[in-house]
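Here's the letter readout for the chains.
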Amino acid sequence: MSCPAVYGRDMASISPITVDDRPAWDALWQAYLEFYESEVPADVTEATFGRIVADEHIHGVLARDDEGRPIGFVHWLTHPATWTSKVYCYLEDLFVDPGARGEGVGKALIEHVKDWAQVYGATKVYWLTAHDNVTARGLYDKIATSTGFVHYEIEL
Ligand SMILES: CC(C)(COP(=O)(O)OP(=O)(O)OC[C@H]1O[C@@H](n2cnc3c(N)ncnc32)[C@H](O)[C@@H]1OP(=O)(O)O)[C@@H](O)C(=O)NCCC(=O)NCCS
């Protein structure tokens, strides 16, 4: 299913990630990992792509330019929570190709997840970001509420 254009680029669209998108998704995924100065083993990337395409537990869409070329992605999932009888929606990954930034693509991808989550019956969409990710926060501060929570974890 393709959505109508929702941002500045003429005839751009947001649509599900399919098996045929693997090379383009890979390029965006690797650029995203580089942004985070991180690496993910090849078998994890393989499994992640498979789970996104399966669209069962992990969901994802690509933003495409007017020629159908992928220029960004967002991945998300839902989970039960003790503070709601419904579910929360966690937006895990968001990336826009550097050449396509500042034109509303990131905002449109977040809005896509928000719309999806609303239809699904989630009570909120939430995500994490680095406190010094000034660019991303420039967007987030316009469209969402900063909770002030601090993120802890224990690697196992
Ligand atoms: C964060 C990111 C997804 C934003 O994508 P984008 O397509 O450029 O975002 P948008 O064009 O939708 O931005 C919308 C708003 O954010 C603000 N914004 C965008 N780029 C900005 C920048 N470089 N500095 C400050 N604010 C910025 C703009 O004010 C814009 O609002 P406006 O349209 O009302 O002027 C993109 O920069 C990115 O992929 N960054 C690297 C990966 C990353 O940080 N991912 C998020 C991890 S939590």
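Here is what the cut-offs are and how they apply
Residues numbered from 1 in each chain as written. Predicted model: local features only at pLDDT ≥ 70, side-chain atom pairs only at ≥ 80, totals over all residues. Buried ≥ 20, exposed ≤ 12 C-beta atoms within 10 Å, placed from the backbone. Helix = DSSP H or I, 4+ residues; strand = E, 2+ residues; numbered from the N terminus. Expected span 1.5 Å × (residues − 1). Arc of directions from axis to C-beta.

Asks: So what exactly am I meant to see when it comes to unusual backbone geometry here?
Replies: It is generally the case that most residues other than glycine have a negative phi and that most peptide bonds are trans. Even without being a glycine, E37 presents a positive backbone phi close to 50 degrees. The class for E37 is exposed, based on 6 C-beta atoms found within 10 Å. In this model, D55 sits at a positive phi of 60 degrees, which is unusual for a non-glycine residue. Mapped onto the fold, D55 is located in the loop between helix 2 (42-54) and strand 2 (58-64). Using a count of 13 C-beta atoms within 10 Å as the deciding quantity, one classes D55 as partly exposed.

Asks: Explanation requested: helix 1 (residues 22-35) in the structure shown.
Replies: In an α-helix there are 3.6 residues to a turn, and that puts residues three or four apart on one side. Compared with an ideal rise of 1.5 Å per residue, which puts 14 residues at 20 Å, helix 1 spans 20 Å between its outermost C-alpha atoms and is within 8% of the ideal. Those residues of helix 1 not exposed but buried are W25, L28 and W29. Looking straight down helix 1, one finds its buried side chains confined to an arc of 100 degrees; they lie on one side. Those residues of helix 1 that are exposed and aimed more than 90 degrees away from the buried face are P23, D26, A27 and E34.

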